[in-house]
Amino acid sequence: MNKMILTLSIVLSFLSFQNVAVAATSEVTWTDYESYRDILPGNGNKKAFRERTFKALEKHFTELASQLPGSQVLKIEVTDVDLAGDTHAGGINRYRIVKEIYFPRIKFSYQLLDKDGKELKTAEINLKDMNFMTGSQLKYRNDFLGYEKKMLDDWFTDAFKDEVLKTKQ
């Protein structure tokens, strides 16, 4: 009985992998991060906060790239980050205060490569969302870096609408 269940599980696993679409991948490089405008935590360890921030943004770039045709690679080189809000001292503590005047920004360049490494698209991007607090439909309302993720979503939708359409056909 156990052998039959194991065999059936293996066969079903194999069959399910045959229907999985291959998604594009992303590679993110953080250039000269010590000169970034603002990746400071309110309270807490600067290095741990920076690593958490980079990991969250890398994951988001990967999720966005997964919408592109399989075999493509989206290479991102980040040159500056300015998170929504600003850090201010309050006694011995520092707090991140989010107000309209402290809008998120990110500068990066990207390359979209095909499976052979041929460049399909490239650009230098200087994103900023000065209206980040006025949107009524914040998809990432309770997420870490929600404002930055929404800004990247908007950029990705505009920059890769043709490529994403190809994957849906």
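For the structure, see preceding data.
These lines cover the structure that appears in this document, whether it is placed above or below.

The rules behind each value
- Residues numbered from 1 in each chain as written.
- Predicted model: local features only at pLDDT ≥ 70, side-chain atom pairs only at ≥ 80, totals over all residues.
- Heavy atoms only, no water.
- 1 Å grid on protein atoms, 1.4 Å probe; cavity = no way out; pocket = protein on both sides within 12 Å on 5 of 7 lines; lining within 4 Å.
- Points joined across faces, edges and corners; volume = space filled by probe spheres on them.
- Helix = DSSP H or I, 4+ residues; strand = E, 2+ residues; numbered from the N terminus.
- Nonpolar A, V, L, I, M, F, W, Y, C, P; charged D, E, K, R; others polar.
- Buried < 20%, exposed > 50% of the residue type's maximum accessible area, 1.4 Å probe, protein only.
- Pairing = 2+ DSSP bridges.
- Right-handed = clockwise from strand over helix to strand, strands pointing away.
- Salt bridge = Lys/Arg side-chain N within 4 Å of Asp/Glu carboxyl O.
- Axes fitted to C-alpha atoms, helices over the stretch in contact; angles between N-to-C directions.
- Parallel < 35°, antiparallel > 145°, perpendicular 65-115°, else oblique.
- Left-handed = near helix turned anticlockwise from the far one by under 90°.
- Contact = heavy atoms within 4.5 Å.
- Phe/Tyr/Trp six-rings, centres within 6.5 Å; stacked < 30°, edge-to-face > 60°.

1. As for the layout of surface pockets
Then comes step 1: Computed from the structure, the largest pocket encloses a volume of approximately 240 Å³.
Then comes step 2: Taken together, 17 residues form the lining of the largest pocket, with D143, L145, G146, Y147 and E148 sitting closest to its centre.
Then comes step 3: The greatest single-element share of the lining of the largest pocket, amounting to 3 residues, is contributed by helix α3 (residues 146-159).
Then comes step 4: Tallied by class, the residues present in the lining of the largest pocket amount to 11 nonpolar, 2 polar and 4 charged.

2. Side note on the pairing of strand β2 (residues 73-82)
Then comes step 1: Of all 10 residues that make up β2, 7 are buried, and the element is covered over most of its length.
Then comes step 2: Alignment of strand β1 (residues 25-30) against β2, held across 6 bridges, turns out to be parallel. What sits directly across from W30, in β2, is V78.
Then comes step 3: With helix α2 (residues 46-65) bridging β1 and its parallel neighbour β2, the resulting β-α-β unit is left-handed.
Then comes step 4: Relative to strand β5 (residues 105-113), β2 runs antiparallel, the two sharing 9 bridges.

3. Section: the pattern of salt bridges
Then comes step 1: Applying the stated criterion across every chain, the model contains 8 salt bridges.
Then comes step 2: Among the ionic pairs, D80 bridges to R37, the shortest N-O distance being 3.6 Å. A residue pair is termed long-range when its members are at least 10 positions apart, and D80 in strand β2 and R37 in the loop between β1 and α2 qualify at 43 residues.
Then comes step 3: The partly exposed category is assigned to R37, whose relative accessible area is 44%.
Then comes step 4: K149 is the partner of D143 in a salt bridge, and the nearest nitrogen-oxygen pair spans 3.8 Å.

4. Points about empty space enclosed by the protein
Then comes step 1: Counted by the stated rule, this structure contains 1 cavity of 30 Å³ or more.
Then comes step 2: Surrounding the largest cavity, L57, V81, L83, R105, I106, E148, M151 and L152 form its lining.
Then comes step 3: Top element by residues in the lining of the largest cavity is α3. It accounts for 3 residues.
Then comes step 4: Broken down by class, the residue content of the lining of the largest cavity amounts to 6 nonpolar, no polar and 2 charged.

5. What to know about the packing of α2 against α3
Then comes step 1: The N-to-C vectors of α2 and α3 enclose an angle of 30 degrees; their axes lie 11 Å apart at closest approach. One way to sum up the angle between α2 and α3 is to call them roughly parallel. Considering the relative orientation of α2 and α3, their crossing is right-handed. In this structure, α2 contributes L57, H60, F61, L64 and A65 to the contact, and α3 contributes E148, K149, L152, D153, W155 and F156.

6. What to know about the sheet that holds β2
Then comes step 1: Within the open sheet, the 4 strands sit side by side as β1-β2-β5-β6. Their pairing is mixed. On the outer flanks of this sheet lie β1 and β6 (119-128), each paired with one strand and no other. For this sheet, the mean inter-axis angle between neighbouring strands, taken without regard to orientation, is 15 degrees.
Then comes step 2: α2 contacts β1 and β2 of the sheet and is inclined by roughly 150 degrees relative to β1.
Then comes step 3: Set on the sheet, α3 makes contact with β2, β5 and β6; between it and β5 the angle comes to about 35 degrees.

7. Here's the deal with the packing of aromatic side chains
Then comes step 1: All told, the structure shown has 12 aromatic pairs when counted by the stated rule.
Then comes step 2: Between W155 and F160, the aromatic rings sit 5.6 Å apart at their centres with planes inclined by 85 degrees, giving edge-to-face as the arrangement. F160 shares its class with W155; the two are buried.
Then comes step 3: Taking the centre distance of 5.0 Å and the plane angle of 40 degrees together, the rings of F156 and F160 count as tilted. Comparing F156 with F160 shows no difference in burial state: the two are buried.

All we've got here are geometric facts, nothing functional implied.
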